[in-house]
Amino acid sequence: MARQIIPLPGTAARLTDILAPENNSFGVIRLAMAIAVLVSHSYWFTTGSKIADPLVRFTGHSIGEHAVQVFFFLSGILVAQSLLRSRSVLNYAVARVLRIFPALIVCVLLTAFVLGPLFTSGSLLQYFTDKQLPLYLLKTLMLITGSAPLPQLFHDQALPDVVNVSLWTLKYEVLCYIGLGAVGAIGLMNERLRPYTTALLIALVALVFVGRPKSLDTYTFIDNLRYFALYFYAGVVAYLLRDHLRISGLILVPLAAAFVALIGTRFGELACCLCLGYATLWFATFTFGPLRAFTNDNDYSYGVYIFAGPIQQLVVALLPDHGATAVSLHALLIAVPLAVFSWELIERPAIGLRKPILAWIDARLAPFVGTPVPAVAAPSAPVVVKPEIATARMTMALRRAPPVPANDPGVIKWRGPRRAKLVKQKP
């Protein structure tokens, strides 16, 4: 059973107190949100309608949409931590690329060259000569869209020609990374400028989505970017205010009330962000038994997220009469082993490549940036000490020295307090 961390009596845990992996359950939450996206998409894949999700009628968002909101909020916290711990924006950029693209490339290649040829309704010749195949690779790997079709694959289903709809959010995730990197280069990585940059980010979170609400189906590219930026930069702000952000279930009550009261208004999305973000931090203070340590060491959430879509469409194609619950369970039985494969053989090794890659880049850039030459101090003028001063200093030093045995041969002794004369004792 989950057990909450109990802070000192009369106090509430701060975000800074739970940032160490052993003190939070971010891994548990990420895995739960990846599964929530899978479950939510099962309603969509089996009916062809987004509003089939049971939560849409209450909050205006599906279960999967709320799960992605949590993803972006947590990403803001963890990526901001990564940025401020990095030696440079280049270090930060390499870490982001290695976290997103290696597993994505493998997922896209397996989908295009294994799943597609096996389950296309056309011939193999038609599949490999159709221009949709290279376009799928190009558009998906460049994050242009998550809705690119493959030749005659999933063509006659409730959600036709959609191969991996989950990937559409990665474009906005990467754009948020780029924006944070730019903010870091401008002022966030400079401790003197950081308070001003933090104030600007707070203003961004407060104002970026205050406006007349409209249906998610009518969102433009800019609307989607604003939408995801709200949750991502709310996480960034939470990290920047980590020393002052208290986490208590009592604070969650008014935030939840405000969220419910403001649904459908121009402040509804901001209220949802504050409530859901704070609830995420509160749940992160629960230990969840051994599951916390396991998910902190093994992050299967990204693998479940990127592999689930094609698997669910395949399950729907093979079991067309099954409902959302059955599709979710069957898809999980396949997606989880693939996520384990992705983490152990692709994601974890890719993360380990960051230091070697940065060392290689530094070595290649060294001839262009030059090697700094340490400054050599100018020789100082010799200090002239008068003989009488030197004699006095030597006298004081020897008087403070411990006595030596008189029968010790070879000892240099001082004779006379005023004569600078050293004699060697005869044996």
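A. Representation of a nonpolar patch on the surface in the model. Residues Ile105, Leu109, Leu110, Phe113, Val114, Leu118, Phe119, Leu124, Phe128 and Leu318 make up a contiguous nonpolar surface patch of roughly 890 Å² in combined accessible area. When contributions to the nonpolar patch are tallied by element, the ones reaching two or more residues are helix 4 (89-119) and helix 5 (124-129). In terms of residue count, the dominant contributor to the nonpolar patch is helix 4 (7 residues). Position of Phe113 among the secondary structure elements: in helix 4. Phe113 gets classed as partly exposed once you look at its relative accessible area, which sits at 39%.

B. Seen up close, unusual backbone geometry. At Leu143, a position not held by glycine, the phi torsion is positive, near 60°. Structurally, Leu143 can be placed in the loop between helix 6 (132-141) and helix 7 (170-188). For Leu143, a relative accessible area of 10% translates into the label buried. Even without being glycine, Phe288 reaches a positive phi, approximately 55°. By the secondary structure assignment, Phe288 is in the loop between helix 11 (268-284) and helix 12 (291-297).

C. Local environment of the pattern of salt bridges. Tallying each qualifying case throughout the model produces 7 salt bridges. Across the salt bridge formed by Arg226 and Asp223, the nearest N and O atoms sit 3.0 Å from each other. Here Asp223 and Arg226 lie together in helix 9 (residues 221-240), a separation of 3 residues that amounts to about one turn. Given the relative accessible area of 26%, Arg226 is considered partly exposed. Assessed through its relative accessible area of 8%, Asp223 is described here as buried. One salt bridge connects Arg348 with Glu344, and the closest N-O pair in it is separated by 3.5 Å. Separated by 4 residues within a single helix, Arg348 and Glu344 lie in helix 14 (residues 324-352), roughly one turn from each other.

D. Expanded view of helix 10 (residues 249-262). With 14 residues, helix 10 should reach 20 Å at 1.5 Å per residue; the first-to-last C-alpha distance of 20 Å fits that figure. A positive phi of about 90° marks Gly264, the residue just after helix 10.

E. How the structure looks around the side chain of Asn24. One can find Asn24 in the loop between strand 1 (13-14) and helix 1 (26-47). Since its relative accessible area comes to 2%, Asn24 is described here as buried. At a separation of 2.7 Å, a polar atom in the side chain of Asn24 contacts the main-chain carbonyl oxygen of Ile18. There is a polar contact of 3.3 Å between the side chain of Asn24 and the backbone oxygen of Leu19. If we ignore the near neighbours within four places in the chain, the residues touching Asn24 are Ile18, Leu19, Ala284, Arg292 and Asn296.

F. Region of the structure containing the environment of Leu133. Summarising the element assignment, Leu133 is placed in helix 6. C-alpha of Leu133 to C-alpha of Phe113: the two residues are 20 residues apart in sequence and 9.2 Å apart in space. What Leu133 contacts, discounting residues up to four positions off in sequence, is Ala112, Phe113, Tyr127, Phe128, Leu150 and Pro151.

Definitions and cut-offs
Residues numbered from 1 in each chain as written. Predicted model: local features only at pLDDT ≥ 70, side-chain atom pairs only at ≥ 80, totals over all residues. Heavy atoms only, no water. Patch = residues over 30% accessible without salt bridge, like charges linked within 9 Å, V, L, I, M, F, W, Y side chains within 5 Å. Areas by Shrake-Rupley, 256 points an atom, 1.4 Å probe, with all protein chains shown as cover. Salt bridge = Lys/Arg side-chain N within 4 Å of Asp/Glu carboxyl O. Helix = DSSP H or I, 4+ residues; strand = E, 2+ residues; numbered from the N terminus. Buried < 20%, exposed > 50% of the residue type's maximum accessible area, 1.4 Å probe, protein only. Expected span 1.5 Å × (residues − 1). Polar contact = N/O pair within 3.5 Å; in protein donor to acceptor, adjacent residues only side chain to side chain. Contact = heavy atoms within 4.5 Å.

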